[in-house]
Amino acid sequence: MCGIVGYIGKRQAAPIILEGLSRLEYRGYDSAGIAVFDGDKINISKAAGRLKILEEMTHNGETLKGFVGIGHTRWATHGVPSTINAHPHYNREETIAVVHNGIIENYIALRKMLKEKGYEMVSDTDTEVVAHLIDYYYKGNPLEAITKVLHRVEGSYALGVIFSEHPDQLFAARKDSPLIVGQNEEGCFIASDVPAILKYTRQVTYVDNQEIVRLRGDHMHFYTVDEEEIKKESVTIEWDSKAAEKGGYEHFMLKEMYEQPKGVADTLLPRIKDGEVVIDELNMTDEELLSVKKIYIVACGSAYHVGVTGKYVLENLARISVEVDLASEFRYRNPVLEEGAMVIVVSQSGETADTLAALRESQKRGFKVLGIVNVVGSSIAREADSVLYTWAGPEIAVATTKAYSTQLIALYLLALKFARIRKTVEDKVFAGLLEDLKKLPDQIELLLSNKNHIQKFANRYIGAKDIFFIGRGIDYAISLEGSLKLKEISYIHSEAYAAGELKHGTISLIEEGTLVAAVATQPELFAKTISNMVEVKARGAFVLAVTNEGNMEIEKAADYVIYIPETNPCFANSLAIIPLQLFGYYVAVGKGCDVDKPRNLAKSVTVE
Ligand code: M6R
């Protein structure tokens, strides 16, 4: 989604801002812009398309001289991707410039009001309204004008604002859209995400909802929307900045697939101690866990697919009832949440707007929320009642791989913890399950080493029109993710179907040569899935099967088989997903797609 970077200090602002924006490119955007005060006026340069165009236009920022500035990468919501709609936006005298992430929900009413007062809009954006509204309230005191605006606007925002009359100050404000500020000996920074300023400082402060920041070159002041000054603590970011670089891989996605064994081990091993699952972060006693009557898992996209897997695993191992919801549905469906239930939200970024809203909705109704989150210090991590971090490290590619794999581990651990407390698995079985979990990193490594075969197979499908994924139970959850991976980066239409549902409609789409990927990792369902494979094969499909080592029976119904090493069927997703990730990746590479930054998509979906 949109990215913000701002700088004020002793160095030239533009190169720092452009460098910061390049670190946010992975989030997805369609245009970029920058505003810098040159000692006399604010100059804005913007361009539709890649940041590279803006870098060339400004000679990497050389032509925009000045020590204070703001920059933005825009992912269009209101108004098409274009230079005019790109941020920053000016007020009418060009003395104020604004960048904005989020959505101003009452912008139509504000636009009307401003037009009546004689303001003219040049863009179709909701953001431009903010620039004019600040102008309307500005009587020489920027802080006062911004606070008045924050009382008028509805929706979500992270804002960066500069005033030509106050070139020694840079302002920022936030509500429901991430924003951080940082400082080093040469200046102060604002950014919508940590990687943007990691090169310059590791000392950052998270701006909270409805807070305003006034940055001068050497210090930062924080205010409430009522202009009361507040004190805030900074935190030190521990990430290795190398982790956010490609390190010789052709794409971040490939690199991140290869980081899965480590991410899985880092998420798993510290939580297994003396043959038990220890999750201190839950902040719940065994009695409290025992009193949990039901679990709701709420998430979006791949994190939702993790939830679907989690339902099967938790219900199977811990015999506890689980409901899984898409966060965008949950927040508006007025759900009936059963007393004694626990809500779990799953999110890599910790900033997904719908997931955050679902968390707040649950808390409003008096339920405690556990967040399974990858980005430390993100909004969900800060607002959840307890946080179980996945230790995947920074994930840059839009298509998630390593975060997904670590989220699965977090849910397996919870399932085992509940199973232990609820005494639903025997000691011997429990010990076996832990052993199987510990083998996963090596088994994933082994599957990754098979990439050349999968690449060859994938090359046959770069021209495909439709590809279907089928499976039952956990295999259906794996199919959902396999299908999403393929379609989001290769733009090939793909659907995942519960194998038993095929004959209720979708089978009519099968034509001669259509690829159907059948996932069959659940021994008690093999025979059923094989029947569905035979059915599609009889209608001309080419059947790729992903199944367990030793399941030779499947070769009768499949045209191509990928075997996964032996594990407990509850954990099969962690292995079966690897060849499907590789398949999606190589189809997209074969088609020449922009794998790490697929069209129309953003890494972190911070608007509805
Ligand atoms: O950051 P989150 O885990 O909350 O993101 C959820 C989805 O937006 C995300 O999983 C999305 O579906 C990915 N593009 C899938 O690869």
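The structure presented is a predicted model; accordingly, all values stated were derived computationally and were not measured.

### Looking at the sheet that holds strand β5 (residues 89-90)
- Judged by pairing direction, the sheet is antiparallel, and its seven strands sit side by side in the order β5-β6-β7-β8-β12-β13-β14 without closing on themselves. Each of the sheet's edge strands pairs with one partner strand only, and the pair in question is β5 and β14 (229-230).
- Pairing of β5 with strand β6 (residues 96-101), which is carried by two bridges, proceeds in the antiparallel orientation. For His89, the partnering residue across the bridge sits in β6 and is Val98.
- Those strands touched by helix α4 (residues 127-137) are β5, β6 and β7 (157-163), and its axis lies near 140° from that of β6.

### Let's talk about the pairing of strand β13 (residues 220-224)
- In terms of strand pairing, strand β12 (residues 211-215) meets β13 through five bridges, oriented antiparallel. If you follow Glu211 over to β13, its bridge partner there is Thr224.
- Here β12 hands over to β13 after four residues, the two strands then running antiparallel side by side.
- Relative to β14, β13 runs antiparallel, the two sharing two bridges. Counterpart to Tyr223 in the pairing with β14 is Glu229.
- Here β13 folds back onto β14, and the loop between the two strands holds four residues, one of which, Glu227, carries a positive phi near 65°.

### Thoughts on the domain arrangement of the protein chain
- Under the domain assignment, the protein chain is made up of domain 1 (3-243), domain 2 (247-448) and domain 3 (450-593).
- A C-alpha centroid distance of 25 Å is found between domain 2 and domain 3.
- Facing the 32 residues of domain 2 at the interface are 30 residues of domain 3.
- Taken together, both faces of the contact between domain 2 and domain 3 bury some 2,800 Å²; the carbon and sulfur share is 68%.
- When the area that domain 2 buries against domain 3 is broken down by residue, the three leading residues are His305, Tyr312 and Leu447, summing to 21%.
- Put simply, domain 2 and domain 3 have zero salt bridges between them.
- Of all the secondary structure elements, the ones that give two or more residues to the side of domain 2 that touches domain 3 are α6 (252-258), α9 (301-318), α13 (402-421) and α14 (427-448).
- Per-class residue counts for the side of domain 2 that touches domain 3 are 19 nonpolar, 11 polar and two charged.

### Digging into the sheet that holds strand β2 (residues 31-37)
- Strand order in the open sheet formed by eight strands is β3-β2-β4-β1-β10-β9-β11-β15, and the pairing between neighbours is antiparallel. Unpaired on one side and paired on the other, β3 (42-48) and β15 (235-236) mark the two borders of the sheet.
- Across two bridges, the pairing between strand β11 (residues 203-206) and β15 is antiparallel. Of the residues in β15, the one forming a bridge with Val204 is Val235.

### A short note on the pairing of β2
- Burial of β2 is extensive: seven of the seven residues sit out of reach of the surface.
- Here β2 shows a buried face lined by Ser31, Gly33, Ala35 and Phe37 and a second buried face lined by Ala32, Ile34 and Val36.
- Here β2 pairs with β3 via seven bridges, running antiparallel. Among the inter-strand pairings, Val36 is bridged to a residue of β3, identified as Asn43.
- Between β2 and β3, which pair antiparallel and follow one another directly, the connecting turn spans four residues, one of which, Gly39, has a positive phi of 105°.

### Digging into the site of the ligand
- Around the ligand lies a shell of 14 residues, among which Ser347, Gln348, Ser349, Thr352 and Glu488 are the nearest.
- Taking Thr352, its side chain carries an N or O atom lying 2.4 Å from an oxygen atom of the ligand.
- Between a nitrogen atom of the ligand and a main-chain N or O atom of Val398, the distance comes to 3.3 Å.
- Alone, the ligand offers 410 Å² of accessible surface; in the complex the protein occludes 90% of this.
- A molecule is said to occupy a pocket when more than half its atoms come within 2 Å of that pocket's grid points, and by this definition the ligand occupies the largest pocket.
- Of all the elements in the fold, those that place two or more residues in the shell around the ligand are α9 and α16 (474-490).
- Counted by class, the shell around the ligand contains five nonpolar, seven polar and two charged residues.
- Inspection of the shell around the ligand shows a minimum of three residues originating in each of domain 2 (247-448) and domain 3 (450-593).

### Brief notes about the side chain of Asp30
- Its place among the elements puts Asp30 in the loop between α1 (13-23) and β2.
- Here Asp30 occupies a buried position and makes no salt bridge, while the nearest side chain of opposite charge, Arg74, is found at 4.4 Å.

### A word on the layout of surface pockets
- Each pocket or cavity is described by its volume, and for the largest pocket that value is around 530 Å³.
- In this structure, the largest pocket is lined by 26 residues; those nearest its centre are Cys300, Gly301, Ser302, Lys603 and Val605.
- If one sorts the elements of the lining of the largest pocket by residue count, α9 sits on top with three residues.
- When its residues are assigned to classes, the lining of the largest pocket shows 11 nonpolar, 10 polar and five charged.
- With three residues, helix α7 (residues 260-268) is the largest single contributor of residues to the lining of the second largest pocket.
- In terms of residue class, the lining of the second largest pocket is made up of 11 nonpolar, six polar and five charged.
- Two domains each provide a minimum of three residues to the lining of the second largest pocket, namely domain 1 (3-243) and domain 2 (247-448).

Rules behind the numbers
Counting from 1, residues in each chain are numbered in the order their sequence is written. The model is predicted, so local features are restricted to residues of pLDDT at least 70 and side-chain atom pairs to those at 80 or more, both for listing and for counting; the totals for chains, interfaces and linings are taken over all residues. Each side-chain value is worked out from all heavy atoms of the structure, with water and hydrogens disregarded. DSSP bridges decide pairing: two strands pair if at least two such bridges lie between them. Each helix is a run of H or I in the DSSP string that is no shorter than four residues. Each strand is a run of E no shorter than two, and both are numbered from the N terminus. Whether two residues touch is decided by their heavy atoms; if any such pair falls within 4.5 Å, the residues are in contact. Every angle, taken between N-to-C directions, lies between 0 and 180 degrees, and every axis is a line fitted to C-alpha atoms, over only the stretch in contact when it is a helix. Boundary definitions for the domains trace back to an automatic or database domain assignment. Once two parts are joined, some of their accessible surface, as seen by a 1.4 Å probe, is lost; buried area is that loss totalled over both. One side-chain nitrogen of Lys or Arg within 4 Å of one carboxyl oxygen of Asp or Glu is enough to make a salt bridge. The nonpolar class holds Ala, Val, Leu, Ile, Met, Phe, Trp, Tyr, Cys and Pro. Asp, Glu, Lys and Arg form the charged class, and all remaining residues, Gly among them, are polar. Classification of residues uses two cut-offs on accessible area relative to the type maximum, computed with a 1.4 Å probe and protein chains only: under 20% is buried, over 50% is exposed, and between them is partly exposed. Residues are labelled near a given molecule or strand when at least one of their non-hydrogen atoms is within 4 Å of it. Pairs of N or O atoms are called polar contacts if they sit within 3.5 Å, as long as, within protein, a hydrogen donor faces a hydrogen acceptor (for residues adjacent in sequence, only side-chain-to-side-chain pairs). Where accessible areas are quoted, they stem from the Shrake-Rupley method and a 1.4 Å probe; at the residue level, only the protein chains shown are allowed to cover. Points on a 1 Å grid over protein atoms alone make up a cavity when a 1.4 Å probe fits among them but cannot get out, and a pocket when they form an open set with protein on both sides within 12 Å along at least five of seven lines; lining residues each have an atom within 4 Å of a point. Should more than half of a molecule's atoms lie within 2 Å of a pocket's or cavity's grid points, that molecule is taken to sit in it. When charges are tallied, Lys and Arg are placed among the positive residues and Asp and Glu among the negative ones, while His and the ends of the chain are skipped. Grid points are joined across faces, edges and corners, and a volume is the space filled by probe spheres set on the points.

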